[in-house]
Amino acid sequence: MAETTKLQHGEVQNYVDGTWATASEDGQRVDNPATNESIARVGFSSESDVDDAVTAGQDAFKTWRRTPIEERIQPLFEFKQLLEEHQDELAELLVQEHGKTIGEAKGELRRGIENVEVACGMPTLMQAGHVENAAPKIDETAVRQPLGVFAAVTPFNFPGMIPLWFLPYAVATGNSFILKPSEQAPLTARKLFELLDETSLPDGVVQLVNGGVDTVDTILEHDGIEGVSFVGSTPVAETIYEKAAANGKRVQAQGGAKNHVIVTESANLEFAAEKAVSSALACSGERCLANDVVVVEESVYEDFVDLVVAEADRQVVGYGLNDDTTIGPLISPEHEQRVRNYVETGISEGAELVYDGRDVTIDGYENGNFLGPCIFRDVTTDMVISREEIFGPVLGLMPAAGIDEAIEIMNQSQFGNAASLFTGKGSEAKKFRHDAEAGNLAVNAGTAAPMAFFHFGGQKDSFFGDLHAQAEDVVRFYTDETVYIERWPDN
Ligand code: NAD
């Protein structure tokens, strides 16, 4: 404890039933990835900590589910206002615990706040259906009802936004909610709960439970939890999907990605290169929507390679709080090494490293996990670097005869999170929309990120489940549709 008080952000506690409490188990350090200095310590929750959170949620649910929906959304309006007022502080926390740039951090928060705004429309979103005279003298109505306590387990790369893909909707639909944030980046989530504590939300409706794998396993096994939302890597998503389902829970599990971009001869090449590179390198490539492979029509391949190299050369690697930085550090030394190993693999597989960002030292941040852009050309589909998620500032380029071959290459991926096409032809856009096997598609945009009033898609090994995060999908995930059949024989 004495040690944690010396840390800039002290000890990260749990928030249960409206009270902050130290988790029972010791936990781990939270480091600033730009310096690798400890800035906080996060405790890990035991079975009894999780049980306390579930009990608080169950107790609160009894009243919360009966609270009029107009009243249930009022704390969310207050929360939205507090998020706006504290966005600079939240953005700085994101930079400190994750490493992204301050601009990226503010963009992340905007996307999170959007979800709070959409959830404030729950009185409309929660409406189901009604049919008069569905059968002789019978009317039928479907009603969406909350179920109880839900949990979400979230990753390190969007610590401010991803919890908000779930929490506002769970609350507005009348459920109680438990968040288990990433143990690598738990500070922004703590701040979100400090702000929630300032709203009129009744105690016990939302809980923050910190921890690692064991805490997640306890959540998955707890009888009092109705459903689990997960966002993280594919192997874990698959395990969560199986364990949650085996324990009789609803589950939606979003996994990893290997996103492809197609650039055809008819595209505006400068625009495509700028967008494809910025999407690949944003948040140091630690994004599930990052571009990983660009498949380029061979007639413009050489020109496109030159444009991409020029874009890579414009990047500034550094600390996220410096205004000119475009690429911050990777989350940990282990992850940096993992990404560097992929670069070595690409070289040994025979791809040509046309921009080598490995030799990078940042004055004042010599111990940080920095890696500059690494651009490969002539990547082929059999290479590891074209198939596996790298999650770093690494981009591969490959030529294709035309859109048909490019889509064929893209669809060989085990993942199906996102894909983009840069084209000047409507016919190519139409083909792409019909044939591309990914859940989030974009034409002439580098990052296929849906607004909060659409669900966040994902297919193949990028998603396990049927109802996704955000918007109507998550409302359906958090509710059960009861059907009422009504007959009055005299009418
Ligand atoms: P991760 O899978 O290592 O961890 C995610 C969460 O799961 C954390 O809270 C962690 O504590 C928990 N966890 C880790 N291992 C576990 C295990 N064996 N059993 C139970 N729980 C476990 O992911 P990460 O490194 O934090 O995040 C990066 C990954 O998330 C990337 O693969 C990225 O593509 C993916 N991601 C996907 C989306 C999407 O919408 N599809 C969005 C963001 C990130």
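This one's a predicted model, so the numbers in the text were calculated from it and none came from an experiment. (Residues numbered from 1 in each chain as written. Predicted model: local features only at pLDDT ≥ 70, side-chain atom pairs only at ≥ 80, totals over all residues. Heavy atoms only, no water.)

Engineer: What is the right way to read the side chain of Q252 from this model?
Structural biologist: Inspection of the secondary structure assignment puts Q252 in strand β12 (residues 250–254). Judged by its relative accessible area of 1%, Q252 is buried. Of the polar contacts made by the side chain of Q252, one reaches the backbone oxygen of H468; its length is 3.1 Å. Aside from chain neighbours lying at most four places away, what touches Q252 is F166, V228, S229, F230, F463, F464, L467, H468, A469, V474 and F477. (Helix = DSSP H or I, 4+ residues; strand = E, 2+ residues; numbered from the N terminus. Buried < 20%, exposed > 50% of the residue type's maximum accessible area, 1.4 Å probe, protein only. Polar contact = N/O pair within 3.5 Å; in protein donor to acceptor, adjacent residues only side chain to side chain. Contact = heavy atoms within 4.5 Å.)

Engineer: Would you mind showing me how to read the sheet that holds strand β4 (residues 25–32) here?
Structural biologist: Two orientations exist for strands paired in a sheet by backbone hydrogen bonds: parallel and antiparallel. The 3 strands are arranged β1-β5-β4 in an open sheet whose pairing can be described as mixed. With one partner strand each, in any of the chains shown, β1 (11–12) and β4 form the two edges of the open sheet. Pairing analysis gives 6 bridges linking β4 to strand β5 (residues 37–44), with the strands arranged antiparallel. Paired with V30 across the two strands is A40, which belongs to β5. (Pairing = 2+ DSSP bridges.)

Engineer: Help me out: how do you make sense of the site of the ligand in this one?
Structural biologist: Near the ligand, the surroundings consist of 27 residues, among which T154, E183, S233, Q254 and E389 are the closest. Note that an oxygen atom of the ligand is positioned 3.1 Å from one of the backbone N or O atoms of F156. The fraction of the free accessible surface of the ligand (840 Å²) that becomes covered by protein chains is 87%. The cavity where the ligand resides is the largest pocket. (Near = heavy atom within 4 Å. Areas by Shrake-Rupley, 256 points an atom, 1.4 Å probe, with all protein chains shown as cover. 1 Å grid on protein atoms, 1.4 Å probe; cavity = no way out; pocket = protein on both sides within 12 Å on 5 of 7 lines; lining within 4 Å. Sits in = over half its atoms within 2 Å of the grid points.)

Engineer: Where do I start with the domain arrangement of the protein chain in this structure?
Structural biologist: Often, the extent of an interface is quoted as the loss of accessible area on bringing the components together. Taken as a whole, the protein chain is organised into domain 1 (11–255 + 462–483) and domain 2 (259–443). Computed from C-alpha coordinates alone, the two centres of domain 1 and domain 2 are separated by 31 Å. If you look at the interface, domain 1 gives 21 residues, while domain 2 gives 27 residues. Carbon and sulfur atoms make up 60% of the area that domain 1 and domain 2 hide from each other, which totals about 2000 Å². Area buried by domain 1 at its contact with domain 2 is led by A34, F156 and S462, which between them contribute 24% of it. Put simply, domain 1 and domain 2 have 0 salt bridges between them. Seen at the junction of domain 1 and domain 2, the total is 11 residue pairs in polar contact (both at pLDDT 80 or more). Counting residues per element, the ones that place at least two in the side of domain 1 that touches domain 2 are α4 (87–98) and α5 (102–119). Looking at which element gives the most residues to the side of domain 1 that touches domain 2, the answer is α4, with 5 residues. Residue composition of the side of domain 1 that touches domain 2, grouped by class: 6 nonpolar, 11 polar and 4 charged. (Domains from an automatic or database assignment. Buried area = accessible area lost by both parts, 1.4 Å probe. Salt bridge = Lys/Arg side-chain N within 4 Å of Asp/Glu carboxyl O. Nonpolar A, V, L, I, M, F, W, Y, C, P; charged D, E, K, R; others polar.)

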